[in-house]
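Take a look at the letters that make up each chain.
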Amino acid sequence: MHQINPKKLLNSKWTAVRPQNKEKHFIVSEMEFDEEGAVLICCIEAVMTKRAIFIDWQELKNTSQWHQGWK
């Protein structure tokens, strides 16, 4: 699993291991934090289709689903 700093996640790039609907490359487009600095909302956007998906940011640590950067 990746070590990810949630404060540096905004605008980071990700590649889906198993692309669906020709959506392979994503960028983290929105992040919201609570008063303690915990992530409330993480939104990734498909580069090709511009479709936005709200996910649990911890899912990005799963190397069987995501690779950091565009590959």
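Our structure is the block above this text.
Residues numbered from 1 in each chain as written. Predicted model: local features only at pLDDT ≥ 70, side-chain atom pairs only at ≥ 80, totals over all residues. Heavy atoms only, no water.

Engineer: Would you mind going over the packing of aromatic side chains with me for this structure?
Structural biologist: Two aromatic rings, taken as a pair, are described by how far apart their centres are and by the angle between their planes. Summed over the entire model, instances satisfying the criterion amount to one aromatic pair. Here Phe 26 and Trp 66 contribute two aromatic rings whose centre-to-centre distance is 5.2 Å and whose plane-to-plane angle is 85°, an arrangement assigned as edge-to-face. You can see Phe 26 sitting in strand 2 (residues 23-33) and its partner Trp 66 sitting in strand 5 (residues 66-68), a full 40 residues away along the chain. According to the relative accessible area criterion, Trp 66 is buried, its value standing at 10%. (Phe/Tyr/Trp six-rings, centres within 6.5 Å; stacked < 30°, edge-to-face > 60°. Helix = DSSP H or I, 4+ residues; strand = E, 2+ residues; numbered from the N terminus. Buried < 20%, exposed > 50% of the residue type's maximum accessible area, 1.4 Å probe, protein only.)

Engineer: How do you make sense of the sheet that holds strand 5 when you look at a structure like this?
Structural biologist: Hydrogen bonds between backbone atoms are what pair the strands of a sheet, whose relative direction is either parallel or antiparallel. Within the open sheet, the five strands sit side by side as 4-3-2-1-5. Their pairing is antiparallel. Single-partner strands in this sheet number two, and they are strand 4 (52-54) and strand 5. Direction aside, neighbouring strands of the sheet carry axes that sit 35° apart on average. Examined bridge by bridge, strand 2 and strand 3 (residues 39-46) share seven bridges and lie antiparallel to one another. Bridge pairing in strand 3 links Ile 27 to Glu 45. (Pairing = 2+ DSSP bridges. Axes fitted to C-alpha atoms, helices over the stretch in contact; angles between N-to-C directions.)

Geometry only, nothing functional implied.
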